[in-house]
Amino acid sequence: MDRYKLLITGGAPLRGETTVFGGKNTSVAVVPAMLLCDEPCVVENLPDIEDIHVVYDMLNLLGAKVDYEPKARRMTVDPRPVNSFHVPYQYTQRMRASYYLWGALLGRCGQCEVGYPGGCAIGARPVDQHIRGLRQLGATVDIDHGYVRATAQRLKGAHIVTDMVTVTGTENLVMAAVLAEGETVIENAAREPEVVDLCDCLNAMGAHITGAGTPVISIEGVERLHGAEHTVIADRIEAGSFLVAGVVTQGDVLVTHCQPSQMEVVLDKLRATGAVLDIGADWVRVRMTGRPKPVSIRTVPHPGFPTDMQAQFMTLNCFAEGTANITETIFENRFMHVPELCRMGAHITIEGHTAIVEGVAQLTGTTIMATDLRASASLVIAALAAQGSSTVDRIYHLDRGYERMEEKLRALGADIVRIDV
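Criteria and thresholds
Residues numbered from 1 in each chain as written. Predicted model: local features only at pLDDT ≥ 70, side-chain atom pairs only at ≥ 80, totals over all residues. Heavy atoms only, no water. Pairing = 2+ DSSP bridges. Helix = DSSP H or I, 4+ residues; strand = E, 2+ residues; numbered from the N terminus. Axes fitted to C-alpha atoms, helices over the stretch in contact; angles between N-to-C directions. Buried < 20%, exposed > 50% of the residue type's maximum accessible area, 1.4 Å probe, protein only. Contact = heavy atoms within 4.5 Å. Salt bridge = Lys/Arg side-chain N within 4 Å of Asp/Glu carboxyl O. Core = buried A, V, L, I, M, F, W, Y, C linked by side-chain atoms within 4.5 Å. Arc of directions from axis to C-beta. Expected span 1.5 Å × (residues − 1). Parallel < 35°, antiparallel > 145°, perpendicular 65-115°, else oblique. Left-handed = near helix turned anticlockwise from the far one by under 90°. Nonpolar A, V, L, I, M, F, W, Y, C, P; charged D, E, K, R; others polar.

Draft legend 1. Representation of the sheet that holds strand 14 (residues 229-231) in the model. What the 4 strands build is an open sheet, ordered 4-5-3-14; its pairing is mixed. The open sheet is flanked by strand 4 (65-69) and strand 14, the only strands paired with a single partner. For this sheet the average axis-to-axis angle between neighbouring strands, irrespective of direction, equals 15°. By the bridge criterion, 3 bridges tie strand 3 (residues 41-44) to strand 14 in an arrangement that is parallel. Its bridge partner lying in strand 14, V42 is registered against E229.

Structure representation (structure tokens):
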């Protein structure tokens, strides 16, 4: 797991064009949803990342017939041979999104026995909203010796009001409800584009879902779902990460095959730094001269500022001329990149859920350790703009959500290589 590191020599402005593909956060939900069909399904535009490889392994373990073509960004899933509902912890510890199997397997097999999810250690991220909702749909759910065990004859529609806005909880309950008997209404539903993309995929398979993208989603259960083809939406977090890198390195970066309409709050914050943005239907170009202006952010559910861009903007503010406040309201332990940035010379103090960032003229390269997926991206960006060389350890986090990031950055002029240790 710790085999590779990134060696980065900073100081070169990023210049050129890069392309983003399908989003991690939508792909890891859409692919397990294929289990709900009784015919083969095709998913296009998948990113070639570690989390998709883990999903592939889990579907094969369950007995599905899976044809995965990473270079073509395509996966064909035939769920008809599925003959198991058990996924051991050795698989689920590799990714948090393994909980999507709960709703899919309950709908498919009427039961599931899935190891408790792993993934990034950015906070408790309790799954109580998932479990509470599944129980309201009629499932018996227990957590026993590190496994989530659930059974149901056929789930029945229910009126569910979540105690908090949860993207993964909303998506899991939608998957569980599409084959349930009767109507399910989910109030306080997450509104993220990834939720809409999953619902669009399920509707293409024959589900009856309305209200996706609003706080109230309604699902009329159906008897079966048929095969379909679905193209996942572009990764708005990867696109935002490259745009931030362009600003921090005072470069000129064009990001293509993205969806700017889903990134408006991030783009507004980039404008506030003094960057010049040109925007098309499926591309964004950012140009920056000089140090950025500081921008304060507060993470909130969509359509507010996304928590998955918090770490990257933390790095941006480290180089700003002035002071900014970064307030994290989604995850209680998502400031683990702060000590690493401070080791590079950043001036950051934490007061409760807020990090106060006083910009400095220069960071200095050193050995830094990635602690989670988005922290990894923030540290890479910091190293790109720092003086001297940096070594980024534990980049398996990065590989979970960014497709060969070092190759894309090198094509933009970065001095970055992956080294085998």
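We are not done yet, so read on.
Draft legend 2. Inspection of the pairing of strand 7 (residues 111-115) at higher detail. With 4 of its 5 residues buried, strand 7 lies for the most part within the structure. Summarising the sheet, strand 6 (residues 86-87) and strand 7 pair through 2 bridges and their orientation is parallel. Paired with V87 across the bridge in strand 7 is V114. Sheet topology places strand 7 next to strand 9 (residues 147-151); 5 bridges connect them, and they run antiparallel. Bridging from a neighbouring strand, C112 pairs with A150 of strand 9.

Draft legend 3. Region of the structure containing the side chain of D308. Examined against the element boundaries, D308 turns out to sit in the loop between strand 18 (297-298) and helix 10 (310-318). Contact partners of D308, with chain neighbours within four places excluded, come to N25, I237, R334 and R374.

Draft legend 4. View of the sheet that holds strand 7. An order of 6-7-9-8 is seen for the 4 strands of this open sheet, with the pairing classed as mixed. One side of each edge strand has no neighbouring strand; the edge strands of this open sheet are strand 6 and strand 8 (140-144).

Draft legend 5. Region of the structure containing the pattern of salt bridges. Within the structure shown, the criterion is met by 26 salt bridges. Between R224 and D38 there is a salt bridge, with its nearest N and O atoms 2.7 Å apart. Taken together, the residues span a long stretch of sequence, with R224 in the loop between strand 13 (216-220) and strand 14 and D38 in the loop between helix 1 (24-33) and strand 3 at a distance of 186 residues. For R224, a relative accessible area of 41% corresponds to the partly exposed category.

Draft legend 6. Here's a closer look at the nonpolar core. Residues V178, L202 and L225 are the most contacted members of the largest nonpolar core, which totals 75 residues. Excluding its chain neighbours within four sequence positions, the residues that come into contact with V178 are L36, L202, A207, I209, I219, E220, G221, V222 and L225. Listed in part, the 65 residues of the second largest apolar core include F242, M309, F313 and I416.

Draft legend 7. Spatial organisation of helix 9 (residues 264-272). Where helix 9 is concerned, the buried positions are V266, L267 and L270. The buried side chains of helix 9 occupy one side of the element, clustering within an arc of 100° when seen end-on. Its buried side turned inward, helix 9 meets helix 8 (236-248), strand 16 (276-279), strand 17 (283-287) and helix 10. Of the residues flanking the end of helix 9, it is G274, one or two places downstream, whose phi is positive at about 100°.

Draft legend 8. Spotlight on helix 2 (residues 50-62). With 13 residues, helix 2 extends 19 Å between its outermost C-alpha atoms, agreeing within 8% with the 18 Å of an ideal straight helix rising 1.5 Å per residue. Three or more residues of helix 2 are buried, namely D51, I52, V54, V55, M58, L59 and L62. Along the long axis of helix 2, the arc covered by the buried residues comes to 155°, so they all point the same way.

Draft legend 9. Just the environment of V42, in detail. With respect to the helices, strands and loops of the structure, V42 is situated in strand 3. Since its relative accessible area comes to 16%, V42 is described here as buried. For the pair V42 and M175, spaced 133 residues apart in sequence, the C-alpha separation works out to 17 Å.

Draft legend 10. Summary view of the pairing of strand 15 (residues 252-256). The element strand 15 is extensively covered by neighbouring structure, given that 4 of its 5 residues are classed as buried. Judged from the 5 bridges that link them, strand 15 and strand 17 form a sheet pairing that is antiparallel. Residue pairing for strand 17: T256 is matched across the bridge by W283.

Draft legend 11. View of the packing of helix 5 (residues 128-136) against helix 6 (residues 167-177). Contact geometry for helix 5 and helix 6: axes closest at 9 Å, N-to-C directions at 25°. When the axis of helix 5 is compared with that of helix 6, the two are roughly parallel. The handedness of the crossing between helix 5 and helix 6 is right-handed. Of the residues in helix 6, those touching helix 5 at Q129, H130, G133 and L134 are T168, G169, N172, L173 and A176. When the residues that make up the contact of helix 5 with helix 6 are grouped by side-chain class, the tally is 3 nonpolar, 6 polar and no charged.

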